[in-house]
Structures are given as structure tokens and as C-alpha cells.
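Residue-level listing of the chains:
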Amino acid sequence: MPHSEPGLGKMSMPTTAAGAGIACQYTPGSAQIGKLKAEFLQGGKGAPLLYLHGLSRPLGWDTDHIGLALHRSVYAPVLPGWRAGRLPPEITSVQDYARLMLAFMDVENIGKSDLVGHSFGGWIALQMALLAPERIERLVLVDSMGLDPANFPAVDISRMDDAALYDAAFASRGVLVVAGDFGGVPLDLRGGALFKHVLNGQRNLTALTGGTCGEESMLSTLKDVSMDTLIVWGEEDRLTPVEHAHLFGSHIRRSRVAIIEGAGHFPQKEKPQTFLQVVCNFLTGRNEPVQGTH
Amino acid sequence: MLDCLSGGRFIPGMVRGLPAEWVSYNMDPFTARKRFAEAYHIIHRALTQELVDYDGEFWNIARASIWPKPVQNPFPPFWMPAGSLESIRFAAEHHLVACQTLQPTIVLRQCFDEYRRIATEEFGWHPGFGNFAGLRFMHLGDDHRTAIDEGLEMFSYLMRSLGRPVLNPAPLPGFNTDQSYKHRHANPDDVFSSSEARHNLKSPEVDQAAKFRDAGLMLSGNAKAVAEWLAEDATAAGYGNLIVTFRVGNSTHRQALKSQELFAKHVMPILRKINADGPAGPSNGAAAEPIEVRSAPAALPFYQDSNYLLNRDAVELVGISRNARNGAVTLSWEMQVAKIADDGSPIQIIVPGPAADHRGCAIQLRLVTSDGAELTDDARVMLEASGPDDVDRQIMFEGIYRQFTEAADHTVAAQRRGVAKNDYSIRLLVSLPSTAAEPDLEHDESTFTIKCFKHLLTLSA
């Protein structure tokens, strides 16, 4: 007869390396780089990760920052000129921003970092990867600007009115129900703060490039991007078309592409959970399929 | 223990925790759903099985046992909040009651509709109103206007005090997927994110009490107004259970008692008539869970965790009885579970029924007549237990003797779980026509063995 000892069970609970408590804590900072000052948010713990924004500057320590900070020490700078909506005279090209962000890493004592760039920030990230590949551990391009191929030319953002920009930026329309801290909550894409800041970014980009969201010569330089690269794209992006994702994927040697269904130019806002699963899997070396991607 | 203390009225509520709690404990929120599922299965097993082994991704438990077992058989009804598709599917799969907290009526409706659809289309059962619950914060008073003003202050206090520390800088990722709210249609009155609705809540120009009420946050007023609103809410949302929090924010004990009194007297009689399930009642999962089923595949082993044998040598055996009535004779081995010990130590003898991983406790029976011949195949056999004065009668096996003679080693499985507590009787009965040759239960070759589980709680430790 089997004998057992009721109540003498053992119980164990493994701890996790990353936690929400640490990931939710962040501090605002300011780095003086020559005559320019770069404000930034920093949170999380671990190896550094530089997160460059796109048309809209970060509006706070948002869900995407928290998700990345579960695995990394995240630095989210505001590009100088982006808060005021007016470019500083020291900045005359995308490469200037790239050099500035490398200098930012120096000031913050970041030797080598993972680099995530969204939209215009992706264009800067590409330039950084070309200028100083030894400083970049892994590269993540999210609906990145930068390409202007003849068959899929970059859009001219300066020609877009509010309605056209809104239509191009988002896959969803009106109010979208997303996951909140207390169930599903509506996110007003058109009337919310995000789109207002996108309009500010449109002005800055127009001032910097005349409104063109890429450069013809970029495609031929992609063979020199040497680090592991993830290309993440909203399938319904009409600002930087999804064909650009596949061009990046076919020209960057150590790259893979993840297309997020039902997202436009801002997958981290429209599909934040999917976005984070894709990016964090890449950062942590997991190779798991993610629902809602292909 | 709570189920025993409350006489079988315990309702376990299973929650993943608020995001703020995952922040406080510094846990990875991407693991929340998996942890919840593991915890549910462990607790469920602990309530329904004698010994629990669990080897999961997050929890490893060996030989755990809880005592005493719940009064509700086979287990208390589980409730859980279910707003996301994943939670709704989990609740529907396991027949759990789905709760919605502090949400407008339309959101409750959308979630419960999705639960019904999934239960019907994916799991083949039809939920009743009792499978749904709404939660409302409430304050009632004799004077309508005064009660509304008091309710506003109570809820405002709650938001100022308890609400603040749980705010994260942004919605925590990982709790849900982007597909979690596909069933939800955007509702501009949802105060948790709609800037217009939030503005209206703060605006002195709008009727704040009505906004709080319609947002599902705080219902206050006199009994008549509260009853009318709740009747509409329950009918439109489709819930059959209502959870009420009377103690809100800085409300006093006296106010809460007054609210309860008014609610019980004037509101409950109205609500009882709404969304009442039929006699069958809601499904509490007993049918869905593979814990108690009438027949289990013969390929499964017998119950493996037995720690006790009920047989002719067991201390519980008190005698043999014979009754002749209406042309039939019934003989039985009579067993008795001891009364509760002087030191308060209780005992339970459990005869496990079929479960997902076994086909029930093994019952071996051989019966011969006084001349050593095998008993006739069509004699009826029953294993039953009951409390003093025949209360709580449970039948663990009911069949004919042929089932034993045709089974390997004369051994069959218990058909249903039975729990014999202190002072309960257990009987193994054999019935046959008075004209048939009776078995001799005292014959050396007439034997029985029930491989059961004896739960003994010693307080000496």
C-alpha cells in the first residue's frame, strides 16, 4: 500500500530577474552636449538601451518604456528642438542628430548600447549604426524612415494636411479600445495628445529635410549595418510603407523582419503588447512566435 | 476551512491582482496569466483531491494536502473577474462565474455576451444568469439628495486616498494581449481613459452623481432610485449575481449598516425577481471539470494515492447486519468512523471517485455462500456512507456482483466520491431475492478491500 504524508508537501516559487516595480520607476535627466541640452527619461535596470522617438517626442514614461525596462536600462531622450517645435541652429541634417546621440552616450557613460529607433528616430539610429557600429549592440528599426527608393519613394510629409497625416499614421480609426490597468480603455487616436505632437514633428522634419522621409543613397549603405537587427513594422503604415521593411530586411545582413498586423506607423501605440513581445523576444534571444505578427 | 465555518457558503474568488500589485512585488507582468492558471489548477486540485502533486513552470508542489475539505461537493463555486478575451475564455472553459467590477452597464453586457458565445460555441454549454456577477459600490439613505451628496464624498475620498498609490506611470504591459478587447466596442463614456468623460467627472457643470453612477463607479440615493437603476442595470447587463460594497471611502460603520438595512428591505425583494435561473441553477463547473464523472476510461489506473484499507480487519468495522424485507434480503458489512477525538482531532475517510488521471478508488469484493460457492452474479451491491440519522447519504458504488466477477482480481472502481466524516457510517451492502443462496459474510473467503484515503489531523504537533 502506498504510504503518504499529507501536509508535508514542498512548495517553491522562482523569482524573476526583471520586475514591474523597477520597470515603472524612472527619473528625468538632462545631458549637456556642447551648446545643446538633451532632456531624457531613464528607467529600468540592466544593460543600456537607447530609445529614439519619431515624429512625436515621448509624452511620459509610457507602456512601451516600461516593457523595454523589464529587460534593459532604458534611456529615452527628447531630441533637442522637439519640445519647442523649433530646430536648433546646430542641427542641419539627420547625421547631426546621429552625432549628437553618440555624444549623448558619451555624456551618460554608455559605451555600447542596444538601440531602438522609431520613425525619424530609426533614421537617426541607422546613421549611428553606420557612424559607430562598435557602439551598437543590437539595432531595432520600428517603421523607420531613411529609405527613398525609386520604386517605393519616401513620402513628402510637408504636403500632408492634418487629415492626410492622420490617415497615413494609424491603422485604426477614431477610438480604439486598448488594454489599460483596469480592463479595456478607449484611446482617442485623433483627439489625443499623441497626434498633436505628431503635427509638431511634421513641422520639424519639414524644416530639416524639406519634408522628405528618406534619402536615395541609404539603400546602398545598408550592407554596412553589421549588428543583429530587428525590423518591426505596422502592416498598414502609410507614412513609411511596409515595402521599406522588406527592403531593410533584404539589405541588412543580420536582420529579421516582424510585421505587426492591424498597426500603422505607431505599432507601439496601436499594438503595444505585440510590439513589446516582438522586441523583447529579440533583445532576450527568445525565438517564440507572437500572435498578430508575420 | 471557510467553507466549513460557513456551512458551505464559501465562494473562492480567483484574481490575477491589479497591475499595481505586480509593481509592488516587482514581478514580471508577462507571466501573470500563466501564474494565474497554474494557481487555479493547484487550488482546484487541493480542494478536490486528497494529495496534490504539481510540477508547473512557476509552482512545484509535492504531496500537498489541505484539511478539512470543503463542505460543498464536489467543490465551492469559483468566481473570477473576466473582462479580457483570455479571462472570459478561461472562465467559460472552467464554468467559473465571470465578474465585472466598476464598469458601465454596456461593458458588462459586452463581456457577458462574449462569455455566452464562447461557452456555447467552443465548450458546448449554456450559461445561466448565475454565471455572471456585477459589482457596484453603493450608498443608500432615507433622503435621496443627502444620500447622493454623501455618496459623492465617499467615492471622491476613495479616489483621493486609495486610488492614488495604485496609479502606475502608464498601463502596465504584459497583462493582456492586443487581442484581449476585440469584443469591446469603444465607449466614449468609459471614464478610465476617455478624456471627455474624465473631464465631465470633474466638471461642476454636469451631474457628477449621474456620471459616477452611469460609469458604474458609485451608486447612491434613496432605496427607490437605487432599486430602479439596479433593476435596469441587471436586466441590460444580464447578471444574476450582484456584489455590493457598502463601505466606500470614508463612509462610517453606521452609514454602511443603514445602507445594508435599506438595501435588504427595499432593494433585494425587487432584485430577486430579476435574472433568476431555473431550478437547474447556474453551472458551477461540476459538470465541466473532469473530477466527478460517472464513467471513466478503463485504461486509467485506479486511484493511486490511497493510504488506507477498509476491510474486515479495519478498526471501523463494527459488525454484520441482515435485513429481510419485501421478499429481499440485504446483508452488509457495517463500518463506523470514530467520533471526534477528545483532543478535537477529526477524521475523514474519503473514497475518491473518478478523476482526470484515475478511474476512482479500487473496491475488491469476493462473496461466497456458507458452503463456499460463489454468490449469484445478479446480486446487487452498494457502497454507501451517511451521517448520524442518515443525513448526507452518499452512494459511492451501485451495481451487481457480476461486475466484480468479470473484473480482473474482482476489483472495480468507485463511481462517485464519498466523504465519511466523524461518526459517519459506511456500509457495503449485498441485496438478493430471499429465495437465492445468501452469502456468508463471516466465511473466510468472503472478503472486501476498499483502497481509500484516511485523513487524520493530529493536533499534537
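Residues numbered from 1 in each chain as written. Chains lettered and ligands numbered in written order. Predicted model: local features only at pLDDT ≥ 70, side-chain atom pairs only at ≥ 80, totals over all residues. Heavy atoms only, no water.

> Describe the sheet that holds strand β17 (residues 425–433) of chain B, with residues and values.
Residue and element names in this part refer to chain B. Spatially, 5 strands are ordered β9-β10-β17-β13-β14 in an open sheet, and the strand pairing comes out antiparallel. Single-partner strands in this sheet number two, and they are β9 (317–325) and β14 (394–400). Put simply, the sheet's adjacent strands are angled 15° from each other on average, direction ignored. Pairing between strand β13 (residues 380–386) and β17: 7 bridges, direction antiparallel. The residue of β17 that forms the bridge with Met382 is Leu429. (Pairing = 2+ DSSP bridges. Helix = DSSP H or I, 4+ residues; strand = E, 2+ residues; numbered from the N terminus. Axes fitted to C-alpha atoms, helices over the stretch in contact; angles between N-to-C directions.)

> Provide a residue-level description of the nonpolar core, including the pertinent values.
The biggest cluster of nonpolar side chains holds 71 residues, and the ones touching the most others in it are Tyr97(A), Phe120(A), Ile124(A) and Met128(A). Among the nonpolar cores identified, the runner-up in size contains 43 residues, and Leu96(B), Phe112(B), Trp125(B) and Ala223(B) belong to it. (Core = buried A, V, L, I, M, F, W, Y, C linked by side-chain atoms within 4.5 Å. Buried < 20%, exposed > 50% of the residue type's maximum accessible area, 1.4 Å probe, protein only.)

> Could you give an account of the pairing of strand β2 (residues 60–64) of chain B, with specific residues and numbers?
Residue and element names in this part refer to chain B. Where strand β1 (residues 52–55) lies against β2, 3 bridges are found, and the strand directions are antiparallel. Pairing of Tyr54 across the sheet is with Ile61, part of β2. In this structure, the hairpin formed by β1 and β2 is closed by a connection of 4 residues.

> I'd love a proper account of the sheet that holds strand β12 (residues 228–234) of chain A, names of residues and values included.
Residues and elements named next belong to chain A. Strand order in this open sheet of 8 strands is β2-β3-β5-β4-β6-β7-β12-β13, and the pairing throughout is mixed. The strands lining the two open edges of the sheet, one partner per strand, are β2 (26–33) and β13 (255–260). When the angles between neighbouring strand axes are averaged without regard to direction, this sheet yields 20°. Bridge count between strand β3 (residues 36–44) and strand β5 (residues 73–77): 5 bridges; the pairing is antiparallel. Each residue of the ladder has a partner; that of Leu41, found in β5, is Ala76. Helix α4 (residues 120–131) contacts β4 (48–52), β6 (113–118) and β7 (136–142) of the sheet and is inclined by roughly 140° relative to β6. The sheet strands contacting helix α10 (residues 272–284) are β4, β6, β7, β12 and β13, and the helix crosses β12 at an angle near 175°. (Contact = heavy atoms within 4.5 Å.)

> Describe helix α4 (residues 85–93) of chain B, listing the residues and the values that go with them.
Residue and element names in this part refer to chain B. Along α4, the positions that sit buried rather than exposed are Leu85, Ser87, Ile88, Phe90, Ala91 and Ala92. Against α3 (32–48), β3 (79–81) and α5 (105–123) lie the buried residues of α4. Within two residues after α4, His95 carries a phi angle of roughly 60°, on the positive side.

> Lay out the confidence of the model for chain A in plain terms, naming residues and giving numbers.
In this model, chain A carries an average pLDDT of 91, and 94% of its residues clear a pLDDT of 70 or more. Scored below 50 in pLDDT, residues 1–17 of chain A makes 43 contacts in the model with residues more than four places away or belonging to other chains. (pLDDT = per-residue confidence, 0-100.)

> Any details on the pattern of salt bridges? Residues and values, ideally.
Residues and elements named next belong to chain B. Within the structure shown, the criterion is met by 35 salt bridges over all chains. Asp53 is the salt-bridge partner of Arg63, the closest N and O atoms lying 2.7 Å from each other. Residue Arg63 is found in strand β2, and its partner Asp53 is found in strand β1; the two are separated by 10 residues along the sequence. On the basis of relative accessible area, Asp53 is assigned to the partly exposed category, the value being 38%. The residue Arg393 makes a salt bridge to Glu384 at a minimum N-O spacing of 2.7 Å. Given a relative accessible area of 46%, Arg393 falls into the partly exposed group. On the basis of relative accessibility, which here comes to 6%, the residue Glu384 falls in the buried class. Residues participating in the shared-partner salt-bridge network are Glu384, Asp390, Arg393 and Arg427. (Salt bridge = Lys/Arg side-chain N within 4 Å of Asp/Glu carboxyl O.)

> Give a detailed account of the environment of Leu208(A), specifying residues and quantitative values.
Residue and element names in this part refer to chain A. Relative to the helices and strands, Leu208 resides in helix α6 (residues 193–209). Overall, Leu208 belongs to the buried group, its relative accessible area being 13%. Through-space distance from the C-alpha of Leu208 to that of Val94 is 7.8 Å; in sequence the pair is 114 residues apart. Excluding anything up to four places from it in sequence, Leu208 contacts Leu87, Ile91, Thr92, Ser93, Val94, Tyr97 and Phe120.

> Could you give me a rundown of a nonpolar patch on the surface, with the residues and numbers involved?
Residue and element names in this part refer to chain B. On the surface, a nonpolar cluster with roughly 370 Å² of combined accessible area is contributed by Met1, Leu2 and Leu5. In this fold, Met1 is placed in the segment before α1 (2–5). Looking at Met1, the relative accessible area reads 58%, which means it is exposed. (Patch = residues over 30% accessible without salt bridge, like charges linked within 9 Å, V, L, I, M, F, W, Y side chains within 5 Å. Areas by Shrake-Rupley, 256 points an atom, 1.4 Å probe, with all protein chains shown as cover.)

> Any details on the packing of helix α5 (residues 162–169) of chain A against α6(A)? Residues and values, ideally.
All names here are of chain A. Close contact between α5 and α6 brings their axes to 11 Å; oriented N to C, the two are set at 110°. On the basis of their axis angle, the class for α5 and α6 is roughly perpendicular. When the axes of α5 and α6 are compared, the crossing they make is right-handed. Contact residues: Asp162, Leu165 and Tyr166 in α5; Phe195, Val198, Leu199 and Gln202 in α6. By residue class, the composition of the contact of α5 with α6 is 5 nonpolar, 1 polar and 1 charged. (Parallel < 35°, antiparallel > 145°, perpendicular 65-115°, else oblique. Left-handed = near helix turned anticlockwise from the far one by under 90°. Nonpolar A, V, L, I, M, F, W, Y, C, P; charged D, E, K, R; others polar.)

> Requested: an account of the packing of α4(B) against α5(B), with residues and values cited.
All names here are of chain B. For the pair α4 and α5, interaxial distance at closest approach is 9 Å and the crossing angle is 50°. Relative to α5, α4 is oriented oblique. For the crossing formed where α4 meets α5, the hand is right-handed. Of the residues in α5, those touching α4 at Leu85, Ile88, Arg89, Ala91, Ala92 and Glu93 are Cys111, Glu114, Tyr115, Ile118, Ala119, Glu122 and Phe123. For the contact of α4 with α5, a count of residues per class yields 9 nonpolar, no polar and 4 charged.

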